[in-house]
Amino acid sequence: MTPVPTPPDLRALTTLRFLAALWVVLYTAWPHLDVSWVPVAVTKGYLGVETFFVLSGFILSHVYLEAAGEKRFSYGGFLWARLARVYPLHLVTLFGMIGLGVAATVAGLSIDASLTDWRALPAHLTLTHAWGLATSSAFNHPSWSISAEWAAYLSFPAFAFVAWRLRERPVLATALAAAFALGLYAAFEPLAGYSLTEATFRWGALRIVPCFALGCALYLVHRRGGVPFAGPLALVSGLAVLVSASLGLWDAVTVLAAGGLILGLGSLDNARAGVLGSKVGVYLGEISYSIYMVCAPVLLLTTNVAARLTGADDKRFHIIVWLALVAAIPVAAMITYHLVERPARKALRGFADRRAARAAAAKARTDSPERVLQPSETIV
C-alpha cells in the first residue's frame, strides 16, 4: 500500500508491501468466513498499516533526505509527486464507493448507514479525513491512512530536518525514535480510551507520526552501510512480528519488530533477497496500494452479490466462496493499477515536467544577454 515507489535497489521491501497489504486484507475479509475461530494474528491485521507507515518514512528518506539536507529539495515538486501517486486512485475508489452505496440503497441491500455520510465528503476530497475533520469513517474507510500519509508528506521537511542533523548518529536516532514511539503508544490509550493503533478518522494523522519517524531513523542506519547481518536480522524480526502478533502482545512491540524487518530487508542486496526479490513479488508489491484501496469496495460488492446467490444473509460464506471473494481483490487491483494508478501518475508527473521545462526555457530566454528588447521593455 505504501504510496511511495520503492527504489529498484530495495526489491525485498517492495514485496514486503504486498505482504503487509495481504495482512490487512485478511483482517478485513475474515469476518465473512463462516468459521467460529479467528487467529489472533489475523485480528492484529491492522498493524499492516503501521508497517506501511514505517516503510513510508524509510523510503521517502532514501529518496529525498539528502536533497532536503543539502537544500536541493523542491517542496512543491515533492508534494506534486506524492499527490500524483495517491490522489487519482483515492478519487476513483471514493466515487466508486459512493456509487456502490447509492446503488445498494436503491436495490434494498444492507449497508452501513455511515457509508454515504455526505458531511464527510469535503474532508475526503481534501485528504484531511484523518485529521479529525471527518464526521465518520465514511465512504472508502481504509483511505484514512492515505490522509495520514498526506499529513506526513506535508510535514516531511520537519522529519528531514531532525534526521539530517542526526545522520552521523543513526543508532541514537533509532533509539530516540523507538523511545518516542513507546512513549506515545503508552500515553495515548489512557488519554483517548483506545490504543493509537485503533485510531483512524479521528487521530489517524497522529498515528503515522511514531512509525514515520522510526522509518526515517532506520534509514540513517541503512545510509551508513546497513547492517552486516541483514539476513539474520530480517529473519529474526519477521519471526518476532509473527510471534508478537500471534500472542497478542502490545502493538508497539510488533511495530518495533516490523522496523527491524524493514531494516534487515532494506540492507539485503537483490541477489540475496530470494523470493522476496522475485519479479512476481515485486509486481505484487507494485500493485499493493491498489490492493489496499480496492479491498473495501470489492468486498462490499462481492459479499452482497454472494449473499444473494447463496442465501447467506449474514454474509458469512463457505471457505471456497470466501477464497473467491478474496481472490477478486488482487484481480481488481491489477485493473485499477494499470488503468488508473500508473497512467494517472505518469500523466500528472509528465504535466509537471513539461511545465518545469517551459519555465526553464522562458528563464533562459529572459537571462540571455543576446535577447533583443521588445519596445515595451526599452529602457528610457
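Residues numbered from 1 in each chain as written. Predicted model: local features only at pLDDT ≥ 70, side-chain atom pairs only at ≥ 80, totals over all residues. Heavy atoms only, no water.

An unreviewed UniProt entry annotates the chain as Acyltransferase of Brevundimonas denitrificans.

### Focus: the overall build of the chain
If you tally the helices and strands in the chain, you get 14 helices and zero strands. Each helix and strand of the chain, placed in order from N terminus to C terminus, yields the pattern α-α-α-α-α-α-α-α-α-α-α-α-α-α. Rg of the C-alpha trace for the chain: 23 Å, near the compact-globule value of 21 Å for 380 residues, within the 12% margin. Projecting the C-alpha coordinates of the chain onto the three principal axes gives extents of approximately 85 × 55 × 45 Å. Every one of the 380 residues in the chain was classed for burial, and the buried ones make up 51%. In the chain, 76% of the contacts between residues at least 6 apart in sequence involve partners at least 24 apart. The positive charge centre, built from 30 side chains, and the negative charge centre, built from 21, are 6 Å apart in the chain. (Helix = DSSP H or I, 4+ residues; strand = E, 2+ residues; numbered from the N terminus. Rg over C-alpha atoms; globule rule 2.2 N^0.38 Å. Buried < 20%, exposed > 50% of the residue type's maximum accessible area, 1.4 Å probe, protein only. Contact = heavy atoms within 4.5 Å. Lys, Arg positive; Asp, Glu negative; His and termini not counted. Charge placed at Lys NZ, Arg CZ, Asp CG, Glu CD.)

### Some details on the pattern of salt bridges
Summed over all chains, the structure comprises eight salt bridges. Where K44 meets D251, a salt bridge forms, and the shortest distance between an N and an O atom there is 2.8 Å. Here D251 lies in helix α11 (residues 251-266) and K44 lies in the loop between α2 (40-43) and α3 (47-69), a separation of 207 residues in the sequence. Exposure remark for D251: the relative accessible area of 7% places this residue in the buried category. E168 serves as the salt-bridge partner of R224, at 3.3 Å between the closest nitrogen and oxygen. With R224 in the loop between α9 (204-223) and α10 (230-247) and E168 in the loop between α7 (156-165) and α8 (170-192), this residue pair connects regions lying 56 residues apart in the sequence. Each of R85, E341 and R345 takes part in a single network of salt bridges with overlapping partners. (Salt bridge = Lys/Arg side-chain N within 4 Å of Asp/Glu carboxyl O.)

### Focus: the layout of surface pockets
By volume, the largest pocket amounts to about 850 Å³. Around the largest pocket, the lining is made up of 30 residues, and of these T28, S137, H141, P142 and A296 lie nearest the centre. It is helix α13 (residues 288-310) that provides the largest number of residues to the lining of the largest pocket, a total of six residues. The residue makeup of the lining of the largest pocket, split by class, is 16 nonpolar, 10 polar and four charged. Its boundaries defined by the atoms lining it, the second largest pocket holds a volume of some 500 Å³. Lining the second largest pocket we find 22 residues, and of these L16, L19, W23, V241 and L261 sit closest to its centre. Of all elements in the fold, only α1 (11-29), α2, α10 and α11 reach the threshold of two or more residues within the lining of the second largest pocket. Here the element with the most residues in the lining of the second largest pocket is α1; it accounts for seven residues. Its residues assigned to classes, the lining of the second largest pocket shows 19 nonpolar, three polar and no charged. (1 Å grid on protein atoms, 1.4 Å probe; cavity = no way out; pocket = protein on both sides within 12 Å on 5 of 7 lines; lining within 4 Å. Points joined across faces, edges and corners; volume = space filled by probe spheres on them. Nonpolar A, V, L, I, M, F, W, Y, C, P; charged D, E, K, R; others polar.)

### Brief notes about empty space enclosed by the protein
According to the stated counting rule, one finds one cavity of 30 Å³ or more in the structure shown. Size it by volume and the largest cavity reaches roughly 40 Å³. Lining the largest cavity are H124, H129, S136, S137, A138, N140, H141, W144 and F201. Per-class residue counts for the lining of the largest cavity are three nonpolar, six polar and no charged.

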